[in-house]
Amino acid sequence: MVFKMKNQQIAEVFKQIADILEIKGENFFRIRAYRRAAQNIENLTEDIDVLLKEKKLDIPGVGTDLSQKIQEMIDTGRLDYFDKIKKTIPSGLLEIMTIPGVGPKTTKLLYDNLSIDSVSKLERAAKKHKLRGVFGLKEKTEENILQGIELIKQGHSCILLSVAMAAAAEIMDKLKKLKLVKKINVAGSLRRKKQTIRDIDILISSTQEEKVIDEFCRLAPVKKILAKGQTKSAILTNNGIQVDLRVVKPDSFGAALVYFTGSKAHNIHIRELAKKRGLKINEYGVFLEKTGKKVAGKTEQDVYKALNLAFIEPEMREDTGEVEASQKHKLPRLVTLADIKADMHMHSNWSDGAYSIEDMAKTAQKRGYTYIVITDHSQSLGIAHGLSPERLKQQINEIRALNKKFKNFKIFSGAEVDIKSDGSLDFEDKLLERLDVVLAAVHTGFKQSKEQLTQRIVKAMQNKFVNIIVHPFGRLINERASYELDFEQIIKAAKDTNTALEINSYPKRLDLDDVHVRRAKQMRVMLAIGTDSHTIEQMNMMELGISVARRGWLEKKDVLNCLSQAEFLNRIKK
DNA sequence: GCCGTTTTCGGCCCGACTGTTTTCAGTCG
């Protein structure tokens, strides 16, 4: 049987080819073509082999040659060109290139002169000061390489969105107090709300750029200054997070914000557009190419307007169709936190939560919600004190009584019911029928085959009392990979059975992810945002769920949480 | 290697910081 290659693996092959070509010093644009194709393949929402079969392989940056290569990988599970080119350099060189500050040229230099073909060899050589003999390398480079290797070992490359948001807020609060600072904003992937962040980007407008940089480098959490120039600086905080700061003059703030928010692919796309219109765009503004006259730059709105584009929300700036949608004025109106009327997934002290149902309800009311669904665990999840049928019945009665205490607010009875390994549910239908809302989830048996897991969830959706499948992929970011699912089958079943899929807001889950959310929306499946709160503080995580929803292009109408109580009950009916 | 309301060939986004061969290549975002 041929090993079937998936989007991610095909993208990975292209990325590695790009790295190899880079070390070999091949044509820069050819390298970029491989990278661009890889990124666009990663952003696909459908399996590439399905697209290929249906002859719908219309991926930007993938032409005749690359689509042939994709076809070969789908058909044979390997790529002859890749196998051949891989043999031309030692595999360790690719790893060396991941060291910050070490690129293809340095890698090649080290290999050619010192036969260094692995990170460990490089570390040994640097420690013995053997690099400084090489033409072009001196003491400082040696130091930087050793520091770069340390950084890799610490593995800070994948910071959770929630962690980065908190760290950024702390630093921004300090910078905001400076009189020199006119405007300040986060930028980069943090502003785009990616699920994990590599470093924090902050943008400031000021008339005294250098002074701001000085102040920034004196801030409390600075452990090490990585770079410090007149308008730009990078530091490492005490907890090992890299923070990049850029300072521009106030009349360039908008252009700089577009520039530093990215993504890189988005920037390249709008610059190409600018060029076609006889404009040039950089971090200082939008300029007429001929005369150099500045036509925009103060605000982001101005910049997009100068390019004849409707404003594009940061979360959409991934070059996955947002520029085209903007040109046609067909951008979605993304859902916001203010649109949320309910939390759909919360645990009380009846199972493994820390607070009473009443406490959770009161907090929800303060947040401006009009209803919540209490969803404690079902019996078989012993580790989380899952409720027995008897306890659940008691809880239903308590919630009924509790509802009399609230005005214009309703607590719905729900449960997070385990989907057992055969796809049956952890409570009898007779009991499920008494609940207002039923969530179903896989908590065990992650190692089943893709077919088994898919069928298991499909079977749960076919139960007429199940309303929402929660954390559908079961992943924990940086800890546990998603189990395998045939997502097309899942969304088809979700649609056929009117079952919603959850965006779980728990910082390590964020499951569904943005890509699957967008696909679900395309297929008109409803999404529900749940915080999976076990404490009242965790109800703040709704913001993270909203980020995923926005990255998945969701509008108010796509999200169950935005419906009124009555609309909600009506909508989830089977 | 991709791509085309000027083009099937000849372009392909733009600038800051660092270390070094002190004028600029390499790296990064």
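Residues numbered from 1 in each chain as written. Chains lettered and ligands numbered in written order. Predicted model: local features only at pLDDT ≥ 70, side-chain atom pairs only at ≥ 80, totals over all residues. Heavy atoms only, no water.

This part takes up helix H13 (residues 253–261). Where burial is concerned, most of H13 is hidden: eight out of the nine residues are buried. Inspection of H13 places Phe253, Gly254, Ala255, Ala256, Leu257, Val258, Phe260 and Thr261 among the buried residues, and these make up the whole buried set. (Buried < 20%, exposed > 50% of the residue type's maximum accessible area, 1.4 Å probe, protein only. Helix = DSSP H or I, 4+ residues; strand = E, 2+ residues; numbered from the N terminus.)

As for its position among the elements, Asn282 is in strand E8 (residues 279–282). Separated by 2.8 Å, the side chain of Asn282 and the backbone nitrogen of Tyr284 make a polar contact. In this view, Asn282 contacts Ala255 and Phe287; residues no more than four positions away in its chain are not counted. (Polar contact = N/O pair within 3.5 Å; in protein donor to acceptor, adjacent residues only side chain to side chain. Contact = heavy atoms within 4.5 Å.)

It is worth spelling out the sheet that holds strand E5 (residues 222–228) at this point. Strand order in the open sheet formed by five strands is E2-E4-E7-E6-E5, with mixed pairing between adjacent strands. Each edge of the open sheet is held by one strand with a lone partner, namely strand E2 (183–187) and E5. Here the strands of the sheet are splayed against their neighbours by 25° on average, with no regard to which way each runs. Relative to strand E7 (residues 242–248), strand E6 (residues 232–237) runs antiparallel, the two sharing five bridges. Note that in E7 the partner of Leu236 across the bridge is Gln242. Across the sheet, H13 touches E2, strand E4 (200–205) and E7, and the angle it forms with E2 is around 20°. (Pairing = 2+ DSSP bridges. Axes fitted to C-alpha atoms, helices over the stretch in contact; angles between N-to-C directions.)

A few words on the protein's contact with DNA strand B. Residues in contact with DNA strand B amount to 49 residues; listed here are only the nearest, Gly101, Thr106, Lys228, Tyr259 and Arg271. By atom count, sugar and phosphate contribute 72% of the portion of DNA strand B lying within 4 Å of the protein. One of the side-chain N or O atoms of Arg32 is found 2.6 Å from a phosphate oxygen in DNA strand B. Taking Lys280, its side chain carries an N or O atom lying 3.0 Å from a phosphate oxygen of DNA strand B. Counting residues per element, the ones that place at least two in the surface near DNA strand B are helix H2 (28–42), helix H4 (64–76), helix H7 (104–114), helix H9 (139–154), E5, helix H14 (264–276) and E8. In terms of residue class, the surface near DNA strand B is made up of 17 nonpolar, 14 polar and 18 charged. (Near = heavy atom within 4 Å. Nonpolar A, V, L, I, M, F, W, Y, C, P; charged D, E, K, R; others polar.)

This part covers the sheet that holds E8. Spatial ordering of the open sheet is given by E8-E9-E10, a layout of three strands whose pairing is antiparallel. In this open sheet, the two edge strands, each paired with only one partner strand, are E8 and strand E10 (294–296). Between one strand axis and the next, the sheet turns by 35° as a mean value, whatever way the strands run. Strand direction decides the pairing type here: strand E9 (residues 285–288) and E10, joined by two bridges, are antiparallel.

Ile202, Ile411 and Leu501 are the most contacted members of the largest nonpolar core, which totals 97 residues. The biggest single contributor to this core is helix H10 (residues 161–176), with eight residues. Residue contributions to this core reach at least three from each of two domains, namely domain 2 (159–248) and domain 4 (337–571). When residues no more than four places from it in sequence are discounted, the contact partners of Leu501 are Ile468, Ile469, Phe487, Ile490, Ile491, Ala494, Leu512, Val525, Met526, Leu527 and Ala528. Within the second largest apolar cluster, 47 residues are counted, among which are Ile41, Leu44, Ile59 and Leu94. (Core = buried A, V, L, I, M, F, W, Y, C linked by side-chain atoms within 4.5 Å. Domains from an automatic or database assignment.)

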